Every structure is written in structure tokens, then in C-alpha cells.
Amino acid sequence: MGDSAVRVENGLTEKSVHEDPQFATITAQAGFCKEENFVNRTGHGKAICTASTYEFDSLEEHMAATHVYRRDGHPNSDDMAHAIACLESAETGLATSSGMGAVVCTVLSLMKGGDTVLVHGDTYGGTNALFEEDVRRFGMNVEFVDVLDVVALEAALTRCTETPSGSGDGRVIVFCETITNPLIRVADVTAISSVCKRFGALLVVDNTFGTPLRSKPLLQGADLVVHSATKFLGGHSDLIAGTVVGSAKLVKQARAVAVRWGLTVSPFEAWLCTRSIRTLQIRLERAWTTSEKLAARLRGEKHGILEVNSAPKCAVLSFLVVGGLHGAKTLAKTLSFIKVASSLGGVTTTVSHPASDSHGDLRPEERERLGIHDGLIRVSVGIEDFEDISNDLLRAVRAAAAATPDK
Ligand SMILES: *Cc1c(COP(=O)(O)O)cnc(C)c1O
């Protein structure tokens, strides 16, 4: 699939759009393919194509077919991958069974025994465990370095490549997230990628928290971008999927791993994700506005809150409530319509307790070192009314403060 194919697949042609289409147009058109590669249509939308195998009347037809067996790819996964590749300005993309599936495909396709990955210690818990447990077990070197700090990154790259031109034996890969969870540290991808390039290291960016509306890491020098589409792209807490986007060459290698290891997406999840992408921009813009107002209101709260972590254009924020674990528990049970949930990025506002949930597997000292204290509460801001969200949260913060002696 070439660059132009991406555009045509989204139903946008030279005739309909003279300039490069804007984000809102690309998202709204997601999955409305011009080239139909299968016949089922349901009204204006595409059907979910569940066939595990495709049938043909001749060997010639079989040999020329785009789809032959579902694990290799199917029309719904093509739609999803094309849509996200467009959003990320990528040459091409791959849809995977989950965000972890996407991370696994990148690692297994880029690395071999003896290679080194540099990754920050506060990545998503599953990613952290994958590097710590499996990647190490397969004979690759894993170094936990704060790669968001370009000075630390440069020092680490100097150590693991013999010369600045990168003539060490093994390949070096740098893995980072555009915005970290739950402390909302924002990566300067341009600065990180320029250091990586100087040392001949490949850069893989998890853009789940950034979202392609806020940041497009490939345009800032990243080699591959992964997403947990389970979060903002899916947006309704009802699907699990992931994606890898980048150059045709690297995505082809990742796809081969996805097919062999059985990590490709199901038709239903892909269809659901493509449909959700059509409202991505309006969902994000609303949640971002609420999140910024909420962060300001939390910062203005005199008692009960020790620190607030937030960034512009990010629907996730976190804050430290007084009273440690007891304060966090009081807060959680005082909330009314805001529920406790592990995941994030959906249309409803949810809270989580990173110390016992996403980062519960880390040693307590490691959690403290990273700043993930027992009183830390993560909020995934949804699209409900701002005053309702704010009132529910502040009432719970005040209950936590009242339950804490000597606050
Ligand atoms: C959730 C998440 C993942 C893992 O995605 P799954 O879809 O749950 O497999 C990876 N990276 C980040 C940043 C995430 O938030």
C-alpha cells in the first residue's frame, strides 16, 4: 500500500479534497473505503466480515487474492489500520489484538538476542513487565533509563554503543511513551529522536496517551508508533485492540510477527474501533477542555490535595490526596457517578489507584522512587458535564481530607 492508497482507502480523493484533508475529515471518513474489497455492505457502513477463510473458484483467483485466511488480515483490520495510519501520517499500519500485541510485534520484529532496549521505568505496567520478564528471558538486554531526560538518554547510549556512530555489536532500541502514566510527564520526541539518530538507535513511541490529535511521533523522527486502541481510539471501554504504524518496511516485519504469533485483531474489534475513530476529535476536544478546567480547580483546592499532575491536551490527570492509602480509599467510596476502573480513555470519567493497580507489581521502594505514592489518584476524564465531574471529585477529596487527622 503506497501513500496515495491510504488516502483513497479513506474515501477521500483528489476530486473531493484539494488540500490535504484535516484531522476532522480523516476521522469522520474512517473506514468508508472507496475500493471495496468485499461485497457485504450494510447501508452506508461496512459489514463485519467474520469469515475465517475465503473461498475461490480457481487457483489463479486464490493466488491473486488480498485475503485468504483471517489471521493474515481481513477487510475490517485493513480499515482500522488504514484509518490510524492516516491519523499518524504513517506510510502504513497494522492492527493488532491489543496494545500489548502491538508492543510485542515491535519488539520481536526489531530485536534479537544480544540487542539492547533502553526504556523508562514508568511505562505502562504491562510493557514494563514484558521488558523485565520476557524480553530479558529471550536474551535481550533491557536497561531502565529515564529516556525522557535527553542527558540521561545520551549517557546511556554512549555506554551501550561503542562509538557515537553506533558501531557496537547489537542494535539499540529506545522505547518511550509520549505522555507517561500516571504522572503525566510529556516526552520531547523531537529531542529524543535526534539523540537516537546520532547513535544509530531506533525509536519506538507508544502514543496511546498522546493520541494522534496531539502528537504525531513519526513526523518528529520516531521509527515506529504503537497504540493501545483500547483507550482513546476505541473510546467507549468496550473493545481491546492495538496498532503499529510506520514505514512500509518496518510495519511489514511487524506484520509477519503478528501473523506468526497470532496477534492480529478480530473483525468485530476492528470494526468497532474504526467506527469509534469517527468521533475521536470531538470526544478528545471535549475531554481535554474539561481536564484542563478540572486540573485548575483541583490546584485551587485548599485542603486535601498535595499535588496535581496534568498537561494541556491530555484527558488523564493525577493528584495526590492526603491520608495515603486511607485517603485514597475514602475518596473512592465517596464518589457517586465516577467509578473506579483500571482502564482509561472512555467517554465516562473513571478513577484508578496506580499504587495498587497499574503499578501494583512494582516493589514499594520502586513505586516511591518513581513518585507513585499510596495517595495518588488517576482520573480519566470523560465527556460528562464539567460541573458534575468536578463536584463529584471535590466532594470525595473533602471527605478524604475530613477523614485524615493533621492534614
Ligand atoms: C493500556 C496500555 C497499553 C496496553 O494496551 P492493551 O490494549 O491493554 O493491551 C500499552 N501502553 C499504554 C500506554 C497503555 O495505556
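Residues numbered from 1 in each chain as written. Predicted model: local features only at pLDDT ≥ 70, side-chain atom pairs only at ≥ 80, totals over all residues. Heavy atoms only, no water.

### A look at the pattern of salt bridges
The final tally for this structure, using the stated rule, is twelve salt bridges. The closest approach of N and O atoms between aspartate 392 and arginine 395, which form a salt bridge, is 3.2 Å. Taken together, the residues aspartate 392 and arginine 395, both in helix H15 (residues 386-402) and three residues apart, mark about one turn of the helix. Given a relative accessible area of 42%, arginine 395 falls into the partly exposed group. (Salt bridge = Lys/Arg side-chain N within 4 Å of Asp/Glu carboxyl O. Helix = DSSP H or I, 4+ residues; strand = E, 2+ residues; numbered from the N terminus. Buried < 20%, exposed > 50% of the residue type's maximum accessible area, 1.4 Å probe, protein only.)

### Structural notes on the pairing of strand S8 (residues 224-228)
Among the five residues of S8, five are classified as buried, and the element is accordingly described as predominantly covered. In S8, alternate side chains face the same way, and those of Leu224, Val226 and Ser228 on one face and Val225 and His227 on the other are all buried. As paired elements, strand S7 (residues 202-206) and S8 share three bridges and run parallel to each other. In the sheet register, valine 205 faces S8, and the bridge partner there is valine 225. Relative to strand S9 (residues 242-246), S8 is paired through five bridges, and the arrangement is antiparallel. Its bridge partner lying in S9, histidine 227 is registered against threonine 243. (Pairing = 2+ DSSP bridges.)

### Quick word on the UniProt feature "modified residue: N6-(pyridoxal phosphate)lysine" (unreviewed entry) in the protein
Per the UniProt record, "modified residue: N6-(pyridoxal phosphate)lysine" (unreviewed entry) is annotated on Lys231. With respect to the helices and strands, the residue lysine 231 is situated in the loop between S8 and S9. The exposure class of lysine 231 is buried, given its relative accessible area of 10%. The contacts of lysine 231, once residues within four sequence positions are left out, are Tyr124, Thr208, Ser343, Leu344 and Gly345. (UniProt positions renumbered as here; feature names shortened; annotations may be inferred. Contact = heavy atoms within 4.5 Å.)

### Looking at the packing of aromatic side chains
Going through the model one piece at a time under the given rule, you end up with two aromatic pairs. Seen in terms of ring centroids, phenylalanine 131 and phenylalanine 175 are 5.4 Å apart; in terms of plane orientation they differ by 70°. Their pairing is edge-to-face. Residue phenylalanine 131 is located in helix H6 (residues 125-137), and its partner phenylalanine 175 is located in strand S6 (residues 172-177); the two are separated by 44 residues in the primary sequence. Here phenylalanine 131 and phenylalanine 175 have matching classes, each one buried. Note on phenylalanine 268 and tryptophan 271: the rings are 6.2 Å apart at their centroids and 20° apart in plane angle, and the pair reads as stacked. Residue phenylalanine 268 and its partner tryptophan 271 are both found in helix H11 (residues 267-277); the two are separated by three residues, about one turn of the helix. Classification of tryptophan 271 as partly exposed rests on a relative accessible area of 25%. (Phe/Tyr/Trp six-rings, centres within 6.5 Å; stacked < 30°, edge-to-face > 60°.)

### So, the site of the ligand
Taken together, Ser98, Gly99, Met100, Tyr124, Glu177, Asp206, Thr208, Phe209, Ser228, Thr230, Lys231 and Ala241 make up the full set of residues adjacent to the ligand. A distance of 2.8 Å is found between an oxygen atom of the ligand and a backbone nitrogen or oxygen belonging to glycine 99. Between the ligand and lysine 231 there is a distance of 2.7 Å, counted from an oxygen atom to a side-chain nitrogen or oxygen. Protein contacts shield 93% of the accessible area of the ligand, which totals 380 Å² for the unbound molecule. For the shell around the ligand, the per-class residue count stands at four nonpolar, five polar and three charged. (Near = heavy atom within 4 Å. Polar contact = N/O pair within 3.5 Å; in protein donor to acceptor, adjacent residues only side chain to side chain. Areas by Shrake-Rupley, 256 points an atom, 1.4 Å probe, with all protein chains shown as cover. Nonpolar A, V, L, I, M, F, W, Y, C, P; charged D, E, K, R; others polar.)

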